[in-house]
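Remarks on the overall topology
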Amino acid sequence: MIMGNVSERRKQPPQVGVSVVILALGPVQRSGNENGTDNAPDGMGSMLWMPLVKRVRQPFLGQWALPGGGLRADHSLEQSAYAALESTTSLHPRYLEQLYTFGDPARSHGGLPMVSIVYWALVGGADAQTEPIEGNNVKWFPVDNLPELAFDHRAIIDYTLSRLRGKIEYPQVVTRLVGERFTLSQLHDVYEAVTGEAIDLANFRRKMLSSGQLEDTGEKLRVGRNRPAAVYRYVQSALRQSSSWDYSINQSNHGSHATGNDVLATLTTV
């Protein structure tokens, strides 16, 4: 039962819900975006995309927002996050991680206070088995060309991207987008998509091959009209060393952000 006026209700314990940030590897948007411009650097082959939902009620009626929903007594937090994800797309990733909890009283912009427990998923490789559902109220956007967003969802997305860019050197993260086996060109596409910057391919290949993290599987893969390329995977020792990713993101300081330039420096310095 809802009692009292809005001012009184704002002093009550906040409502709690879940929001989900879904990031997927997709093609570069070269034309037809909202600004009529090409946002991707020349030569980039992939970029990150995410689904947003158009709100059908106030506040922020008609604006785009992250997929989300309330909690149920018979659902865990993770189950609630999966339910929100599956109501938006047909994707069911192998993992879903809790990212951060956002609870600033001002985030509701005058509405009832709301605490949002944010989960996220990287979708690619083996996860991308079905096409996303896209309807009148659901649409996929490239992360560098997002529309105006409801609540503090832009800040949530910016935080997610900052955390991802700070962890791109973790094999556990990369394989969630590219899969367990990949060509160097495919791996290069992931690094470019995550950092949002063009990375010299020849220099990238040299750095990765000399890193000691990759091993040749002996397989070959032909993409398009290109000649067959060697297929690689991360060595087990590299995967084990990066396993702390599953826990570190929730223990990191909210204000600690690594930038794309920090990552690029390790890849482009001769």
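Below is a short write-up of the structure. (Residues numbered from 1 in each chain as written. Predicted model: local features only at pLDDT ≥ 70, side-chain atom pairs only at ≥ 80, totals over all residues. Heavy atoms only, no water.)

Moving on: the overall build of the chain. Counting secondary structure elements, the chain contains 9 helices and 9 strands. Looking at the chain as a whole, 44% of its 270 residues are labelled buried. Within the chain, contacts between residues separated by at least 24 positions form 67% of all contacts whose residues are at least 6 apart in sequence. Per element, the accessible surface of the chain, about 14200 Å² overall, is 49% carbon and sulfur. (Helix = DSSP H or I, 4+ residues; strand = E, 2+ residues; numbered from the N terminus. Buried < 20%, exposed > 50% of the residue type's maximum accessible area, 1.4 Å probe, protein only. Contact = heavy atoms within 4.5 Å. Areas by Shrake-Rupley, 256 points an atom, 1.4 Å probe, with all protein chains shown as cover.)

At a minimum axis distance of 10 Å, the contact between helix α4 (residues 171–178) and helix α5 (residues 184–195) shows a crossing angle of 105°. The orientation of α4 relative to α5 falls into the category roughly perpendicular. Contacts from Val 174, Leu 177 and Val 178 in α4 reach Gln 186, Leu 187, Val 190, Tyr 191 and Val 194 in α5. Residues belonging to the contact of α4 with α5 are distributed by class as follows: 7 nonpolar, 1 polar and no charged. (Axes fitted to C-alpha atoms, helices over the stretch in contact; angles between N-to-C directions. Parallel < 35°, antiparallel > 145°, perpendicular 65-115°, else oblique. Nonpolar A, V, L, I, M, F, W, Y, C, P; charged D, E, K, R; others polar.)

Looking at the secondary structure, you find Ser 185 in helix α5. Its relative accessible area of 38% is what places Ser 185 among the partly exposed residues. Sequence separation of Ser 185 and Leu 201 is 16 residues, and the distance between their C-alpha atoms is 7.7 Å.

Space inside the largest pocket adds up to approximately 740 Å³. The wall of the largest pocket is formed by 28 residues, among which Arg 55, Arg 57, Gly 68, Met 114 and Phe 151 lie closest to the centre. Elements with a minimum of two residues in the lining of the largest pocket: β1 (15–27), β2 (46–54), β4 (68–70) and β6 (114–123). Class assignment of the residues belonging to the lining of the largest pocket gives a composition of 12 nonpolar, 12 polar and 4 charged. Roughly 430 Å³ of volume is contained in the second largest pocket. (1 Å grid on protein atoms, 1.4 Å probe; cavity = no way out; pocket = protein on both sides within 12 Å on 5 of 7 lines; lining within 4 Å. Points joined across faces, edges and corners; volume = space filled by probe spheres on them.)

Turning our attention to helix α6 (residues 201–209). The complete set of buried residues in α6 reads Asn 203, Phe 204 and Met 208. Here the buried residues of α6 occupy an arc of 125° about the axis, which is enough to place them on one side. At the N-terminal boundary of α6, the capping side chain belongs to Asp 200, with an oxygen 3.5 Å from the backbone nitrogen of Ala 202. (Arc of directions from axis to C-beta. Polar contact = N/O pair within 3.5 Å; in protein donor to acceptor, adjacent residues only side chain to side chain.)

If you look at soluble globular proteins, the nonpolar side chains tend to sit buried side by side. Core analysis: the biggest nonpolar cluster contains 63 residues, and Leu 23, Met 50, Leu 187, Tyr 191 and Tyr 234 have the highest contact counts within it. With 7 residues, the top contributor of residues to this core is β6. Among residues more than four places away in sequence, those in contact with Leu 187 are Val 174, Val 178, Phe 182, Phe 204, Met 208, Leu 214 and Tyr 234. (Core = buried A, V, L, I, M, F, W, Y, C linked by side-chain atoms within 4.5 Å.)

All right, on to the side chain of Thr 175 then. Mapping Thr 175 onto the fold places it in helix α4. A distance of 3.3 Å separates a polar atom in the side chain of Thr 175 from the backbone oxygen of Gln 172.

With respect to the element layout, Asp 158 can be found in helix α3 (residues 153–166). Residue class for Asp 158 comes out partly exposed when judged on its relative accessible area of 39%. Sequence spacing of Asp 158 and Val 143 is 15 residues, and the spatial spacing of their C-alpha atoms is 9.4 Å.

Our next topic: the pattern of salt bridges. Here the structure, examined in full by the defined rule, presents 6 salt bridges. Among the ionic pairs, Glu 219 bridges to Arg 181, the shortest N-O distance being 2.8 Å. Placement of Glu 219 in strand β8 (residues 214–221) and of Arg 181 in the loop between α4 and α5 is noted, with a sequence separation of 38 residues between them. For Glu 219, a relative accessible area of 36% gives the class partly exposed. Classification of Arg 181 by relative accessible area gives partly exposed; the value is 40%. (Salt bridge = Lys/Arg side-chain N within 4 Å of Asp/Glu carboxyl O.)

Any functional reading would require information beyond the geometric quantities listed.
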